[in-house]
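# Understanding the architecture of this molecule
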Amino acid sequence: MKTGIPSILLAIILALIVCLPALASDNSTGEVTITMDTESVLAISLSQVEWKPEGEGGFVSSNTTYKTDKPATWCTITNEGNADVNIYIEGDDAKWVDNPSGYEWTLIGEESHISDEERPHKYALWYHIARDTADSYTLITRDSTPMMWTRYGEPLNLRKNGDTEQFGLKLLTPAYFVGTRTMEAQITVSAVLA
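For the structure on display, the rule yields five aromatic pairs. Ring centres of Trp 74 and Phe 167 lie 6.3 Å apart, and the angle between their planes is 80°; on these two criteria the pair is classed as edge-to-face. With Trp 74 in the loop between strand 2 (65-67) and strand 3 (75-79) and Phe 167 in strand 13 (residues 164-172), this pair connects stretches of sequence that are 93 residues apart. Given a relative accessible area of 12%, Trp 74 falls into the buried group. Residue Phe 167 is classed as buried on the basis of its relative accessible area, which comes to 4%. Ring geometry for Trp 105 against Phe 177: centres 5.3 Å apart, planes inclined by 40°, an arrangement best described as tilted. Taken together, the positions of Trp 105 in strand 6 (residues 104-107) and Phe 177 in the loop between strand 13 and strand 14 (183-184) put the pair 72 residues apart, joining distant regions of the chain. Each member of the aromatic cluster is reached from another via a ring pair, and the members are Trp 51, Trp 74 and Phe 167. Lying across the ring of Trp 126, Lys 170 places its NZ or CZ 4.5 Å from the centre.

Rendered as structure tokens:
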């Protein structure tokens, strides 16, 4: 009895194998599932990476405003990635190149702090987006904030690879600073997924 059961099962399996192509041919539809992994690439480039404002004799003066040589088109931002991005900007305190921990200018964080009495050793930076309203400069702070169109009240957006926009900078030096020192500040421009 034990040897007969495997023989019966083997006969049934062989019979089903012969019938499978006939059973499959009755089904004329099917589904194919395709799984794809995607990756958003956030990348921007800047046409300018350094600005050296110069006054008389190659030095900046105290309590003086300087603008990039092209006030609104000095730097071009290009979307080098494949994602729709908003552009953010942040500034930093200016530090003495020879001794960064020895002397600095504090970046002003609010327009109301720009009066002369409140800003010894403090400086201000602004940006101006090309094609925005005339002379519409926006204060750059130490917090990463979206670059905003003052005309539209919307963030600067680069939708696809190759999209560009331009901007310029404005600097207001401290009301007072010490001696002839080379000061350096960093501005960070970044892309954030829109």
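What follows continues from the structure just given.
The next subject is the confidence of the model for the protein chain. On average, residues of the protein chain score 85 in pLDDT, and 84% of them reach the 70 mark or higher. Below a pLDDT of 50 lies the segment residues 9-23, which in the model reaches zero contacts outside its immediate sequence neighbourhood of four places, other chains included.

Here is what the cut-offs are and how they apply
- Residues numbered from 1 in each chain as written.
- Predicted model: local features only at pLDDT ≥ 70, side-chain atom pairs only at ≥ 80, totals over all residues.
- Heavy atoms only, no water.
- Phe/Tyr/Trp six-rings, centres within 6.5 Å; stacked < 30°, edge-to-face > 60°.
- Helix = DSSP H or I, 4+ residues; strand = E, 2+ residues; numbered from the N terminus.
- Buried < 20%, exposed > 50% of the residue type's maximum accessible area, 1.4 Å probe, protein only.
- Lys NZ or Arg CZ within 6 Å of the ring centre and 35° of its normal.
- pLDDT = per-residue confidence, 0-100.
- Contact = heavy atoms within 4.5 Å.

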